[in-house]
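Each chain is listed here by its residues.
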Amino acid sequence: MTALRQEAISIVESLPEEKILTLIDFLRGITEPAERDNHLLKKKAAFDELETLRREIPDLDYEKELATYREERFGNANLG
């Protein structure tokens, strides 16, 4: 085993458990770029689908909406 591999293994062995998953994800990204790219394409397709559902909403008068909600929720309770 080369000195470089031994150094890499000693670094991995010294990592805390919670960092191991991050390392594994990183290494998979290096060794499996086609799978990673496929995963990213799926995410992008899902995002694009969500974007098609987005609609413009009119400007809201937040004070009026709040007053309407309070009236519906509490009636005339001298809140404003």
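Since we're looking at a predicted model, the values are computed, not measured.

Some details on the overall build of the chain
- Counting its secondary structure elements, the chain contains 4 helices and 0 strands.
- Listing the helices and strands of the chain from first to last along the sequence gives α-α-α-α.
- For 80 residues, the compact-globule formula gives about 12 Å, and the C-alpha radius of gyration of the chain, at 27 Å, lies well above that figure.
- Principal-axis analysis of the C-alpha atoms places the extent of the chain at approximately 80 × 30 × 15 Å.
- Expressed as a percentage of its 80 residues, the buried residues of the chain come to 1%.
- As displayed, the chain offers around 8000 Å² of accessible surface, 57% of which is attributable to carbon and sulfur atoms.
- Across the chain, the mean location of the 12 positive side-chain charges is 2 Å away from that of the 18 negative side-chain charges.

Focus on a negative patch on the surface
- Judged by side-chain charge, Asp61, Glu63, Glu65, Glu71 and Glu72 come together as a negatively charged surface patch.
- Mapped onto the elements, glutamate 72 comes out in helix 4 (residues 62–74).

Section: the pattern of salt bridges
- Within this structure, the stated rule accounts for 2 salt bridges.
- As a salt-bridge pair, lysine 44 and aspartate 48 come within 3.0 Å of each other at their nearest N and O atoms. Of this pair, lysine 44 and aspartate 48 both sit in helix 3 (residues 33–53), 4 residues apart, which is roughly one turn of the helix.
- For arginine 54, the salt bridge goes to glutamate 51, with nearest N and O atoms at 3.6 Å.
- Exposure remark for arginine 54: the relative accessible area of 60% places this residue in the exposed category.
- Glutamate 51 sits in the partly exposed class, given a relative accessible area of 32%.

What to know about the confidence of the model for the chain
- Averaged over all residues, the pLDDT of the chain equals 86, while 95% of them reach at least 70.
- By mean pLDDT, the top-scoring element of the chain is helix 1 (residues 3–14) (91), and the lowest-scoring one is helix 2 (residues 17–31) (84).

Rules used throughout
Residues numbered from 1 in each chain as written. Predicted model: local features only at pLDDT ≥ 70, side-chain atom pairs only at ≥ 80, totals over all residues. Heavy atoms only, no water. Helix = DSSP H or I, 4+ residues; strand = E, 2+ residues; numbered from the N terminus. Rg over C-alpha atoms; globule rule 2.2 N^0.38 Å. Buried < 20%, exposed > 50% of the residue type's maximum accessible area, 1.4 Å probe, protein only. Areas by Shrake-Rupley, 256 points an atom, 1.4 Å probe, with all protein chains shown as cover. Lys, Arg positive; Asp, Glu negative; His and termini not counted. Charge placed at Lys NZ, Arg CZ, Asp CG, Glu CD. Patch = residues over 30% accessible without salt bridge, like charges linked within 9 Å, V, L, I, M, F, W, Y side chains within 5 Å. Salt bridge = Lys/Arg side-chain N within 4 Å of Asp/Glu carboxyl O. pLDDT = per-residue confidence, 0-100.

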